[in-house]
Amino acid sequence: MTLRRLLTPALLSFGLLGSAQLHAATIDKPECLAPAKPGGGYDLTCRLAATTLQQTGLLDKAMMVNYMPGGIGAVAYNHVMGVRDDDPNLIVAASTGAALNLAEGKFGKYDGSEVRWLGAVATDYGAVVVRDDAPWQTLDDLMKALKKDPQGIVFGAGGTVGSQDWMKAALIAQADEVDPRKLRYVSFEGGGESLAALLGNHIQVFTGDLSEIESQLEGGKIRVLAALSDQRQEGAFADIPTAKEQGYDVEWPIWRGYYMGENVSDGAYQAWLDVFTKLVDTEEFKQARHARGLFPFTKLGTEFEQYVQERIAHFKSLSQEMGLIK
Amino acid sequence: MTRLGDRLLGMILLVLAAVYAASTTQMEVPFSYDPLGPKGFPFVLAALLVVLAVVLLLRPALGEPWPRGVLLAKRGVLLAKVVAVLVVLTLYALAFSSLGYLLSSALAIFALAWLFNAGSLKALVCAVAMALGSYALFVYALDISLPVGQLFGGR
Amino acid sequence: MWDFLLQGFEVALTPLNLGLAFIGALLGTLFGALPGIGPINGIAILMPLAYTLGLPAESALILLAGIYTGAEYGGRISSILLNVPGDAGAVMTTLDGHPLAKKGLAGPALGLSAVSSFIGATIAIVGLTLFAPLLAAFAVNFGPAEYFALMVFAFSSLSVMMGKDPIKTLIGAVLGVMLATVGVDSGTGVMRFTGGMPELYDGIDFVVLVIGMFAISEILLMLEHDLTKGGGMAPVGRVMVSMKEVMFCKGAILRSSLIGFVIGVLPGTGASVAGAVSYTTEKRISDREGTFGHGDMRGLAAPEAANNASAAGSFVPMLTLGIPGSGTTAILLGALMLYNITPGPMLFTEQPRVAGGLIASLYIGNVMLLLLNLPLAGLFARVLTVPRWALVPGIALLAFVGVYQLHSDLMAIFLMLAIGVLGYVLRKFGFSLAPIVLGFVLGELMEENLRRALAMSGGDVAVLFQSTLAIGLWCAAVAVVVVPLVVSGWKRRRASA
């Protein structure tokens, strides 16, 4: 017996697990595949669903979370395309990053039209962060300085050229009519190292995510010049203006969602869709989403399918414009 | 290793350095923010390897020759066994997800134990006990998911 | 300022929390001992459990801290017994740990490494308690230029590990760095040496490399011992480590604890770098008779003290800045967020109960680990009495499961086997594995940070020598190579005079 299985009856008797056991027709061995190592954003995406599905009792069985790192998600994508293309039990975690990689042709012959996109349930947003003693008070100050001397400001973030973190910096440069290739940009291993580099004044602007800087907001060591969201967020983020309201049309949501194999039956797809449609409205889910530093973002079924395809097309033209792909 | 061994190694390393450098020149770089780019470091490494390989080719051999004394006589047996173990491990890998953890592991354990001179009965007992025991440890105590096997309805 | 710690101990010393600390320590040791399976697995299992059980934040933290520190203890076990590192920090532990086991000293080796781990961790936790904010300021001063200089220093320290065949040591290091260049380039996103295989985009996984190099090649080497009836283990003799042995290593333990702690505090480096730098430093200082690498107690104590100190040290940037210093602290950070605790500059003032509880639980977990691991040493040492025909399948199982649970992918297992064959052939050609693994770890950090520094400066090389810290590290790097040469030259002249 696993510890978890051993304790489930005990938990049930305490009434901690929900009583409304809903029957989902075809889902008897639910599994979420995180196309990365444990601990990253994809793990979080899977666990967000696994934990809350268990809490709410929307699935009979606990959802397993497995890992398949490699090829920034391409290995899992290939695996789903090749081996488990009709598995009714399997959902795979995805995000803006997956759409971006598909657009940049990093998944080989695949372009994102192959799988069945199930839905997005949460999001994070990009942020433009500087030190509290930086000379720029607003995004506009930074943009003016950047325009004057594109080589005078060092950007940094946790991703290579072509990655999401870089895209944020590149889009900001573009909005300022500066060629992204003329920037100074340093890529680090993840947001933590980038933040350390910002605090140590090795870089001047960090294009990170809102969730990863939440803990820094109160400490007063950093200043967030802009959130790359469509509107202001609540709570601790209420004072952070969006780039849009400062006159620069840059948005970067990092949505978190799931896809399924291409030959999954409509019945199974619909069953998962029903489960997620119910899940996103539960209190348990809303709390869990908030606890993980994520914001509301719900696009399910066809709406999500269209959104992803539209994003991939958009990213493709962006990457061509920036000279990343031909 | 013998002088011959070192020479052979030196040659292989030269080829490796050449392939590595050739593969480096093939990379297409859209643009890079640092002057070295993705190619700089590999070129330095290839050059270093060439220098080291040349030194290895020219210098007298060090160390003891291999295979040593007793083994020289049994060289054929050893080579056969090394290949056999590798074949077992490769088959084990291939069977891991299709036959499932329990069955593939039991077979692999039996084969390995037998190759290490366990005798058939001992190897059989070892295979059954270790496959079941490790499955219990990994799946029930440590909550690690292992392949059930396509034969048994898993994937 | 002591209030928060006192309060923390009050929290941690309840029966429930002591029990949780024990469970955490036990599971952590077990997870750490299994190659490829680490604290991340343990935390991934227990976090949802703690959450559904409705444990209060402090209790959950105590459980997780136990697993985290326990895994660092556990990593040494398979290093010593099987010559297969249990985790990244335990690679250097194989160098003297396994030869000790071969001499029949597995019990004392396990005991000594437990004591060194305890001292290393304790020194680091005290450092964390007293100087955390100060150290955090030091850590952020470490930029790309400083990391690059640190890597140059680490590579130059490798010069002590030249052994009998310096050329092969250098070739091994270069091959290791080459292996690390496989995958997406961290600067430009260009694919390097992947041959178009998506499985290689993310590079060669450290776990796959280490398990292949060590475990698979070890199995093949055992065939040889089997044929010659040689290379076996001496009978397991004494089980406990003696006080004399611990005192013999006290210098090594203290120095390595400090080195490990400082390296752990830096967000860009972790337990594997700590083990490497402490081992090479200790070899340079203490290895007068050339016994390092042949089962010298100090060569075992040094990396163990250092990797445990580094594990505790990585809490400094996490607790004070909210910046994870290692993969595992990144997961702990996520776990904290589930409890609405945001580590960062305000943690110590706003949530002293949590900060104090965590630090107190580190002290307690550490004591518990020592008490747990000393008696277990004898039990674990019995692994060596297992006949080879049963040991080999066991190693194979661990290797396969270790890689499979990380990748769920056949290609990763084949890659492990291929690396195993490479490791075997290289060992037959007279290479030792440590320089290869060190090249792999350090080379990647070296390239990344050099290029980051140059990207920062727009290509100006002067950026590498601008800070006092960097200059200091450059001087140290030059000194470790030049000083021994001068000293040996001077000795030779005196001897001939």
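Rules used throughout
Residues numbered from 1 in each chain as written. Chains lettered and ligands numbered in written order. Predicted model: local features only at pLDDT ≥ 70, side-chain atom pairs only at ≥ 80, totals over all residues. Domains from an automatic or database assignment. Contact = placed C-beta atoms within 7 Å. Helix = DSSP H or I, 4+ residues; strand = E, 2+ residues; numbered from the N terminus. Nonpolar A, V, L, I, M, F, W, Y, C, P; charged D, E, K, R; others polar. Buried ≥ 20, exposed ≤ 12 C-beta atoms within 10 Å, placed from the backbone. Pairing = 2+ DSSP bridges.

Caption draft 1: Structural context of the domain arrangement of chain B. Domain parsing of chain B yields domain 1 (3–58) and domain 2 (74–152). A straight line from the C-alpha centre of domain 1 of chain B to that of domain 2 of chain B covers 38 Å.

Caption draft 2: Structural context of the interface of chain A and chain C. Each partner contributes residues to the interface: chain A has 49 residues there, and chain C has 49 residues. Sort the elements by how many residues they give to the side of chain A that touches chain C and helix α7 (residues 190–199) of chain A lands first, with six residues. Class assignment for the residues of the side of chain A that touches chain C results in 21 nonpolar, 19 polar and nine charged.

Caption draft 3: Layout of the pairing of strand β5 (residues 154–157) of chain A. Residues and elements named next belong to chain A. Burial along β5 is two-sided: the residues V154 and G156 and F155 and A157 are all buried. Two strands pair when backbone bridges link them, and β5 and strand β6 (residues 184–187) are joined in this way by four bridges, in the parallel orientation. Along β6, the bridge assignment pairs F155 with Y185. With two bridges joining them, β5 and strand β7 (residues 205–209) adopt parallel strand pairing. Across the sheet, G156 pairs through a bridge with F206, a residue of β7.

Caption draft 4: Spotlight on unusual backbone geometry. In the Ramachandran plot, A:N201 falls in the positive-phi region, its phi being about 65° despite a non-glycine side chain. Secondary-structure assignment places A:N201 in the loop between α7 and β7. Classification of A:N201 by C-beta neighbours within 10 Å gives partly exposed; the count is 14. Of note in the backbone geometry, B:N117 takes a positive phi value of approximately 65° without being a glycine. With respect to the secondary-structure elements, B:N117 resides in the loop between α5 (101–115) and α6 (120–141). By the C-beta count within 10 Å, which is 13 here, B:N117 ends up partly exposed.

Caption draft 5: The environment of C:A132, seen in detail. All names here are of chain C. Note that A132 resides in helix α6 (residues 106–141). Judged by C-beta crowding, with 21 C-beta atoms within 10 Å, A132 ranks as buried. Taking the C-alpha atoms as reference points, A132 and A399, 267 residues apart in sequence, are found 38 Å from one another. Setting aside residues no more than four positions away along its own chain, A132 makes contact with V316, L319 and T320.

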